[in-house]
Amino acid sequence: MKRSEEKISYLSFHDALTGLYNQAYFEEELERYNSPRYYPLSIMMVDINGLKVINDTFGHYEGDKLLQHFASLLNSISRKGDVVARLGGDEFAILLPSTTAEQVHDFHKRIKKTCEEDSIKPIYLRPSIALGCITQKGEYQNTETLLKEIDKRMYQDKNITNCLRANTHRQR
């Protein structure tokens with residue numbers, strides 16, 4: 001009985017596939033951290049490019065392996081106090097309390113570099129990602145406003161990544 005309760009409690013705050021925190025926990029923590037005590041508070045959203053293609057081509061099992069692999073990469077380069085969550089599908093988010101815009105930019109570059117240099121085989125399991133981030137410095141902004149801005153920045157990065165990839169293929 002106790003083990004069942006522990007499992008239910010764990011699953012209420014964690015994503016079953018990746019073991020990361022889930023969206024409900026992330027949103028709860030975002031509200032809690034969005035106060036001057038934790039400023040500057042940086043928030044990052046990450047989207048895995050091409051997950052649908054991998055699922056359609058190689059099957060959902062391989063897509064799940066990609067998600068699990070990416071979750072382990074995020075965990076390996078995140079700090080102890082960061083909140084790393086899978087929001088659902090191919091979207092992840094990271095809360096970085098007491099993290100400046102410069103520090104989150106460095107973290108952004110580290111994540112991109114880690115994915116680009118990943119030596120996992122088969123190569124389609126190497127994550128291609130788009131990122132967006134924002135830093136809450138001083139004046140309170142509600143979390144919905146922050147998340148909309150991050151989402152916009154993430155999709156700008158996705159469009160840039162797709163353009164670069166298309167140009168690279170044309171030059172070959």
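Look a little higher up for the structure.
Residues numbered from 1 in each chain as written. Predicted model: local features only at pLDDT ≥ 70, side-chain atom pairs only at ≥ 80, totals over all residues. Heavy atoms only, no water.

Asks: Give a detailed account of the pattern of salt bridges, specifying residues and quantitative values.
Replies: For the coordinates displayed, the defined rule picks out eleven salt bridges. Between R32 and E29 there is a salt bridge whose closest N-O contact spans 2.7 Å. Here E29 and R32 lie together in helix α2 (residues 23-33), a separation of three residues that amounts to about one turn. Salt-bridge contacts for K148 lead to E144; the nearest nitrogen and oxygen are separated by 3.6 Å. Here K148 and its partner E144 are both found in helix α6 (residues 143-171), four residues apart, which amounts to about one turn of the helix. Within the structure, one salt-bridge network assembled from shared partners comprises E149, K152 and R153. (Salt bridge = Lys/Arg side-chain N within 4 Å of Asp/Glu carboxyl O. Helix = DSSP H or I, 4+ residues; strand = E, 2+ residues; numbered from the N terminus.)

Asks: How would you sum up the side chain of Q136? Please name residues and give values.
Replies: Here Q136 lies in strand β4 (residues 129-136). Among the polar contacts made by the side chain of Q136, one reaches the side chain of N34 at a distance of 3.1 Å. Sequence-distant contacts of Q136, defined by excluding residues within four places in its chain, comprise N34, Y39, P40, L41, Q141 and L146. (Polar contact = N/O pair within 3.5 Å; in protein donor to acceptor, adjacent residues only side chain to side chain. Contact = heavy atoms within 4.5 Å.)

Asks: I'd like to hear about the sheet that holds β4, residue by residue, with values.
Replies: Here we have four strands laid out as an open sheet, ordered β2-β3-β1-β4, and antiparallel in their pairing. Either end of the sheet is taken by a strand with one partner, and the two such strands are β2 (83-88) and β4. Pairwise comparison of adjacent strand axes, ignoring direction, gives a mean angle of 20° for this sheet. The pairing of β2 with strand β3 (residues 91-96) spans five bridges and is classified as antiparallel. Directly across from V84, in β3, lies its bridge partner I94. The strands that α2 touches are β1 (41-48), β2 and β3; relative to β2, the one it contacts most, it runs at about 130°. Across the sheet, helix α4 (residues 60-77) lies against β1, β2, β3 and β4, angled at about 10° from β3, the strand it touches most. (Pairing = 2+ DSSP bridges. Axes fitted to C-alpha atoms, helices over the stretch in contact; angles between N-to-C directions.)

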